[in-house]
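Read off the chains here:
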Amino acid sequence: MIHTQPKRIRRMAAGPDSAGSNSHIPDDIVFFQILILLPVKCLVRFQSVCKSWRTTILSTHFIRCHLEHSRTRLSMVVVPRKYQKDYRKVGIQGVNFYSFQPGQSKVAELILGKRCPGGIPMFTIPLHCDGLILIPCLTGRMFVCNPATREFVELPQGSHNVAGDHRVAFGVDPCTGKYKVARHFFRSYADTPQADGEGTVLEYSAGHEILTIGDEADAWKWKATVDPPYAINARTPICVPGFFYWSALHSVTGHGINKVSSHVILRFSLHDETFTVHPNPPCSGFLRNNDTLCQLGGKLCYVECSSPWDVEIWLAEDGPNLAWLRHCCIRLPMPRLLNVFACASGDRNKIFLSIDAFRLLRCDLRDGSLEEIIDMARELLYDHRNGTKFRTGFVPVAHYLVPCVESLLRIRPW
């Protein structure tokens, strides 16, 4: 009796594309049960094995499957940034990305160091989506990086902003799978005194635009959307699947010491590119200078810092309207000077709290209990893996902690 070998197995068993292998393992098992478990640096090397391996590893299907598997291995990336008195001053040192496992190690190992012609200006909190990290500079320049593949790209400049302070949003549209960057800008902006001298009137014209990362004809170009209904604040926006959330100024009443600002949250839909208006949590009608927005477990999170010692975590429930729920109240072991930043950990019941971007705690959301992890200024050892190691010590540095997954996603088309 003659046994006919399946075509898939025959192809793997012979020919130069099999790299000399006599294996009878089907392609689906090799790629989607074995290779998919490997880190990106291994898969980058395996692209040179043969044509078929390169084609499969770089296919959209394999990249997506590898990304979904990587989500189970959430890691942390630290992006330090030296404080500068003049935020428009060009940074000389560029930007470095370090891998860090809080609670397991006090060493952050360099993944990628990047220098750019003319340097990288002072940047705000890095934004992450599916292995891609966006570095938004206060001067308006923006850089997107995949530390795993070492790809680093500067985005085109957007429309001129007369206000001079820039914030951008970054995320994925689940309907199309496309990665998008959004930014707001002011065409004109003036705080004009009223004729009677009783306070001022804010007069402005605001715009909003998006850029798609990809290989389509309209990619890499800023496209105007509808204008935001209110003036967007210079705060870091948050992305949850399909939506960007901005804090915006709703109204101003009174003047002088009696001047009161009212804020709202604008939700921008990536699907139909429209804005809807939603209230702040009931804890505050305005976003204080020390309050922050973040994303935890796919939900919008509001971190209220009512005093240097007290923090409240509010989560917005899913639905057409933002139904806010106070999740827990936290008493800090040390006072914060500026902000408390929250970011996800590998445990859905716990989050990291970064006090002023240098003192790291882990918080149990079930009871608000805290565990001190590390003083990143004095204890975190930055290792460049070439013999260079250092701690920042008393040098004023913000240690931005970014939850990250490894990804094969390309920024530029092939």
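Residues numbered from 1 in each chain as written. Predicted model: local features only at pLDDT ≥ 70, side-chain atom pairs only at ≥ 80, totals over all residues. Heavy atoms only, no water.

**Q** How would you explain the overall build of the protein chain if you had to name every residue and give the values?
**A** Assigned secondary structure in the protein chain consists of five helices and 29 strands. Here the protein chain holds 414 residues, and 49% of them are scored as buried. Within the protein chain, contacts between residues separated by at least 24 positions form 51% of all contacts whose residues are at least 6 apart in sequence. (Helix = DSSP H or I, 4+ residues; strand = E, 2+ residues; numbered from the N terminus. Buried < 20%, exposed > 50% of the residue type's maximum accessible area, 1.4 Å probe, protein only. Contact = heavy atoms within 4.5 Å.)

**Q** Give a description of the pattern of salt bridges that names residues and reports values.
**A** The tally for this structure, following the rule as stated, stands at 15 salt bridges. Residue D310 pairs with R331 through a salt bridge whose shortest N-O separation is 3.0 Å. Here D310 is found in strand β21 (residues 310-317), whereas its partner R331 is found in strand β22 (residues 323-331), with 21 residues between them in sequence. Overall, the relative accessible area of 26% leaves D310 in the partly exposed class. According to the relative accessible area criterion, R331 is exposed, its value standing at 54%. Residues joined by salt bridges that share partners form a network here, namely E68, R71 and D130. (Salt bridge = Lys/Arg side-chain N within 4 Å of Asp/Glu carboxyl O.)

**Q** Which residues make up the nonpolar core, and what values go with them?
**A** Counting residues in hydrophobic clusters, the biggest one holds 34 residues, and the most contacted among them are F170, V181 and I213. In this structure I213 touches V144, F170, Y179, V181, W220 and I411, once residues within four positions along its chain are discounted. Counting 20 residues, the second largest nonpolar core, distinct from the first, contains V303, V311, C328 and I330. (Core = buried A, V, L, I, M, F, W, Y, C linked by side-chain atoms within 4.5 Å.)

**Q** With reference to specific residues and values, describe the environment of R141.
**A** If you trace the backbone, R141 turns up in the loop between β7 (132-136) and β8 (142-146). Assessed through its relative accessible area of 18%, R141 is described here as buried. The spacing of R141 and P121 is 20 residues in sequence and 7.8 Å in space, taken between C-alpha atoms. Of the polar contacts made by the side chain of R141, one reaches the side chain of E154; its length is 2.8 Å. (Polar contact = N/O pair within 3.5 Å; in protein donor to acceptor, adjacent residues only side chain to side chain.)

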